[in-house]
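# A structural walkthrough
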Amino acid sequence: MKTQIFNTYMKYCLIVLLANILLSSCTENRAEEKKKEGPKTQPQSYQFAKVESGGVASTLRLPAQLNAYQEVSIFPKVNGYVKNVWVDIGSHVNKGSLLMELEAPELEQAVLLAKEKFVKANADFSVDKEHYQRLLEASKTKGAVSPMDLSTIKAKMNADTAVVNAEKANWDMQKTMTNYLKVVAPFSGVITERNIHPGALVSAMAKDKPMLELKQIEHLRLQIDVPEHLAVNLHQNDTLSFYVSALQGKKLRGKISRKSRSINAQYRSERIEVDVINKDGLLASGMYADVVIYSKGNKNALIVPKSSIITSTERKYVLLSDNGKIRKVDVSTGNYTPDKIEIYGDLKPGDTVITNASEEIKETTQE
């Protein structure tokens, strides 16, 4: 009896063990199948926004530099020795003021020589002219003067006229060269550089370093390189505000005087100049400034969220949702704020674009 009970118990244990092994095997197979299947792909959700019309007003600070309205490096026109220098660094001069004097004895001798040649040529011309007039008077008597003699003296007189004119031109040229011994200011301004002293020999051929440098500082140019999308909305006589750090952030104003009408191919910017009157002399050429540019935006532009713009190495575009389909539309951009941006492209107000745009989103049918 005991043996039968024991056998029954062992059969029961064996059945339970086999059942557990089969259950464990099935569980592992299902787990492996799930791993092979991988996680289910969740459909990507898009956020949309409507394209609006109108411009985006923006404010931008740009670096700029103050430069002299006029500036010139003064080099010698003739060879000579420096006789006197009447100015130094910081000297204020007026237009036509004498800046320095040179001396060149050979030029003075050249003037005297040219004058003597002119006097001699003029005397020869006078003699030939008198001779011609006498022969012309005598030729009225038939046979007194041969026509050949009369023609010869007339030709000589005309040649002497040309010589006189040439010698007069040479004399005037030599006198002009001596005028370059006195160096005068071509405009009113301040001497900002002096590299010469009395007794120095200067050469008209040397162009490495100027004798003097003159700058007009009562009238300055504020030069700004403005990005092309902003420059197109700026016009002559528009007022700009700027700050100079040397004046502890004092706000200054000026009107746009000139636009270069040319876009720098490297930086995609246009040079704009503002005339700045500096009568009190607080500003100096070479100072840096920060210019504040306010742009009202282009009323013909379209507006989308800034996150809608995708910029790749090849193009700039937005993703247009059109009747359930996603399509890439190339655009160019204008003014922008932290959340909105102007665009130009094959779009119209009311179109729908994806705001959470990325390059991973492909042109496809939206489900």
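Above this text you will find the structure in question.
A brief structural summary. The structure presented is a predicted model; accordingly, all values stated were derived computationally and were not measured.

## What to know about the overall build of the chain
Of the regular secondary structure elements, the chain holds four helices and 22 strands. Burial status across the chain gives 34% buried among its 367 residues. A fraction of 74% describes how many contacts in the chain between residues 6 or more apart in sequence connect residues 24 or more apart. By element, 53% of the accessible surface of the chain is carried by carbon and sulfur atoms, the whole surface being about 24,000 Å².

## Some thoughts on the pattern of salt bridges
A full pass over the atoms with the stated rule returns 18 salt bridges. In this structure, aspartate 124 engages lysine 120 in a salt bridge whose closest nitrogen and oxygen atoms are separated by 3.2 Å. Linking aspartate 124 with lysine 120, this pair stays in helix α2 (residues 105-138), spanning four residues, or about one helical turn. For aspartate 124, a relative accessible area of 32% translates into the label partly exposed. Given the relative accessible area of 54%, lysine 120 is considered exposed. For glutamate 228, the salt bridge goes to arginine 268, with nearest N and O atoms at 3.2 Å. Taken together, the residues glutamate 228 in helix α4 (residues 228-231) and arginine 268 in the loop between β14 (250-264) and β15 (269-277) connect sequence positions 40 residues apart. For glutamate 228, a relative accessible area of 34% puts it in the partly exposed group. Each of Arg221, Arg258, Glu273 and Asp275 takes part in salt bridges that share partners, so that together they form one network.

## Points about the packing of aromatic side chains
According to the stated counting rule, one finds two aromatic pairs in the structure shown. Seen in terms of ring centroids, tyrosine 46 and phenylalanine 48 are 6.4 Å apart; in terms of plane orientation they differ by 65°. Their pairing is edge-to-face. What makes phenylalanine 48 partly exposed here is its relative accessible area of 39%. Judged by centre distance (5.6 Å) and plane angle (25°), the ring pair of phenylalanine 118 and tryptophan 171 falls under stacked. With phenylalanine 118 in helix α2 and tryptophan 171 in helix α3 (residues 147-179), the pair connects residues that are 53 residues apart, well separated along the chain.

## Considering the pairing of strand β3 (residues 58-68)
Where β3 meets strand β16 (residues 288-295), eight bridges bridge the pair, whose relative direction is antiparallel. Residue pairing in the sheet places threonine 59 in a bridge with tyrosine 294 of β16. Relative to strand β12 (residues 219-227), β3 is paired through five bridges, and the arrangement is antiparallel. By the bridge assignment for β12, leucine 66 is matched with leucine 222.

## With respect to the nonpolar core
Membership of the largest hydrophobic core comes to 26 residues, with the highest contact counts inside it found for Leu222, Ile224, Val226, Val244 and Leu283. Of all elements in the fold, only β3, β12, α4, β13 (239-244), β14, β15 and β16 reach the threshold of two or more residues within this core. With four residues, the single largest contributor to this core is β12. Residues contacting isoleucine 224, with those up to four places away along its chain left out, are Leu62, Pro63, Ala64, Leu240, Glu270, Arg271, Ile272, Val274 and Val291. If you look at the next biggest cluster of nonpolar residues, it comprises 21 residues, including Ile74, Leu107, Phe187 and Leu214.

## Points about the pairing of β16
Side chains Ala289, Val291, Ile293 and Ser295 project from β16 onto a buried face, and the interleaved Tyr288, Asp290, Val292 and Tyr294 project onto a face without burial. Sheet analysis places β13 next to β16, joined by three bridges and oriented antiparallel. Paired with tyrosine 243 across the bridge in β16 is aspartate 290.

Rules of the game
- Residues numbered from 1 in each chain as written.
- Predicted model: local features only at pLDDT ≥ 70, side-chain atom pairs only at ≥ 80, totals over all residues.
- Heavy atoms only, no water.
- Helix = DSSP H or I, 4+ residues; strand = E, 2+ residues; numbered from the N terminus.
- Buried < 20%, exposed > 50% of the residue type's maximum accessible area, 1.4 Å probe, protein only.
- Contact = heavy atoms within 4.5 Å.
- Areas by Shrake-Rupley, 256 points an atom, 1.4 Å probe, with all protein chains shown as cover.
- Salt bridge = Lys/Arg side-chain N within 4 Å of Asp/Glu carboxyl O.
- Phe/Tyr/Trp six-rings, centres within 6.5 Å; stacked < 30°, edge-to-face > 60°.
- Pairing = 2+ DSSP bridges.
- Core = buried A, V, L, I, M, F, W, Y, C linked by side-chain atoms within 4.5 Å.

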